[in-house]
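The lines below spell out each chain.
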Amino acid sequence: MVRLIAFTYNDHKIEIDVGRFFGKESIKYDGVVQSEKRSVVGTEHHFTVCEDNKEVTYIINIGSKNQHSCCPTVKVKRNGAIIIRGYNT
């Protein structure tokens, strides 16, 4: 697995890893795996956690810049609001 991105938001660490082979994707929240999927072109991950006694839903999209690119992209939404969007450079 290769780390695509890791960041902290509201004192919680989110790590997004992708496999070099066979398209495995893994999402960790505070070190605990919340979602794992396999995909060739990227997929969408959903998970819900408790933050400050409130339920929070994250949606993470992993894809590619375009159909001819191997440069992965990532978009992270927290309760519907985009908090991360961009390319792995």
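Since the model is a prediction, treat every value here as computed from it, not as a measurement.

A.B. asks: Sorry, what's going on with the packing of aromatic side chains here?
C.D. replies: How two aromatic rings sit relative to each other is set out by the distance from centre to centre and by the angle between their planes. Taken as a whole and assessed by the stated rule, the structure comprises three aromatic pairs. Each ring, one from Phe-47 and one from Tyr-58, has its centre 5.2 Å from the other, and the planes form 15 degrees; the classification is stacked. Of the two residues, Phe-47 is situated in strand β5 (residues 44-51) and Tyr-58 in strand β6 (residues 54-64); the sequence distance between them amounts to 11 residues. Classification of Phe-47 by relative accessible area gives buried; the value is 5%. A residue is classified by how much of its surface remains accessible, and Tyr-58, at 0% relative accessible area, is buried. Members of the aromatic cluster, connected to one another through ring pairs, are Tyr-29, Phe-47 and Tyr-58.

A.B. asks: So what exactly am I meant to see when it comes to the pattern of salt bridges here?
C.D. replies: Two side chains that carry opposite charge are able to pair once their charged atoms sit near each other. Taken as a whole, this structure holds four salt bridges when the rule is applied. Between Glu-36 and Lys-24 there is a salt bridge, and its shortest N-O distance comes to 3.6 Å. In this pair, Glu-36 sits in strand β4 (residues 32-38) while Lys-24 sits in strand β3 (residues 24-29), placing the two residues 12 residues apart along the sequence. Assessed through its relative accessible area of 45%, Glu-36 is described here as partly exposed.

A.B. asks: Please clarify how the confidence of the model for the protein should be interpreted in this entry.
C.D. replies: For any part of a model where pLDDT is low, the fine detail of the predicted coordinates should not be relied upon. For the protein, the mean per-residue pLDDT works out to 88, and 88% of the residues sit at or above 70. Looking at the elements of the protein, mean pLDDT is at its lowest for strand β8 (residues 81-87), recorded as 88, and at its highest for β5, recorded as 97.

A.B. asks: What am I meant to see in the pairing of strand β1 (residues 2-9) here?
C.D. replies: Consecutive residues of a regular strand have side chains that alternate between opposite faces of the sheet. Sheet topology note: the β1/strand β2 (residues 12-18) ladder contains seven bridges and is antiparallel. Residue pairing across strands places Tyr-9 opposite His-12, the latter belonging to β2. Between the antiparallel neighbours β1 and β2 lie two residues, among them Asn-10 with a positive phi of about 55 degrees.

A.B. asks: Sorry if this is basic, but what is going on with the nonpolar core here?
C.D. replies: The nonpolar side chains of soluble globular proteins are, as a tendency, buried together. By size, the foremost hydrophobic cluster in this structure holds 15 residues, and its most contacted members are Ile-14, Ile-16, Phe-47, Tyr-58, Ile-60, Ile-62 and Val-76. Of all the secondary structure elements, the ones that give two or more residues to this core are β1, β2, β3, β5, β6 and β7 (72-78). Here this core takes four residues from β6, the largest share from any one element. Residues in contact with Ile-14, not counting those within four places in the same chain, are Ile-5, Ala-6, Phe-7, Lys-28, Tyr-29, Tyr-58 and Ile-60.

Scoring rules and cut-offs
- Residues numbered from 1 in each chain as written.
- Predicted model: local features only at pLDDT ≥ 70, side-chain atom pairs only at ≥ 80, totals over all residues.
- Heavy atoms only, no water.
- Phe/Tyr/Trp six-rings, centres within 6.5 Å; stacked < 30°, edge-to-face > 60°.
- Helix = DSSP H or I, 4+ residues; strand = E, 2+ residues; numbered from the N terminus.
- Buried < 20%, exposed > 50% of the residue type's maximum accessible area, 1.4 Å probe, protein only.
- Salt bridge = Lys/Arg side-chain N within 4 Å of Asp/Glu carboxyl O.
- pLDDT = per-residue confidence, 0-100.
- Pairing = 2+ DSSP bridges.
- Core = buried A, V, L, I, M, F, W, Y, C linked by side-chain atoms within 4.5 Å.
- Contact = heavy atoms within 4.5 Å.

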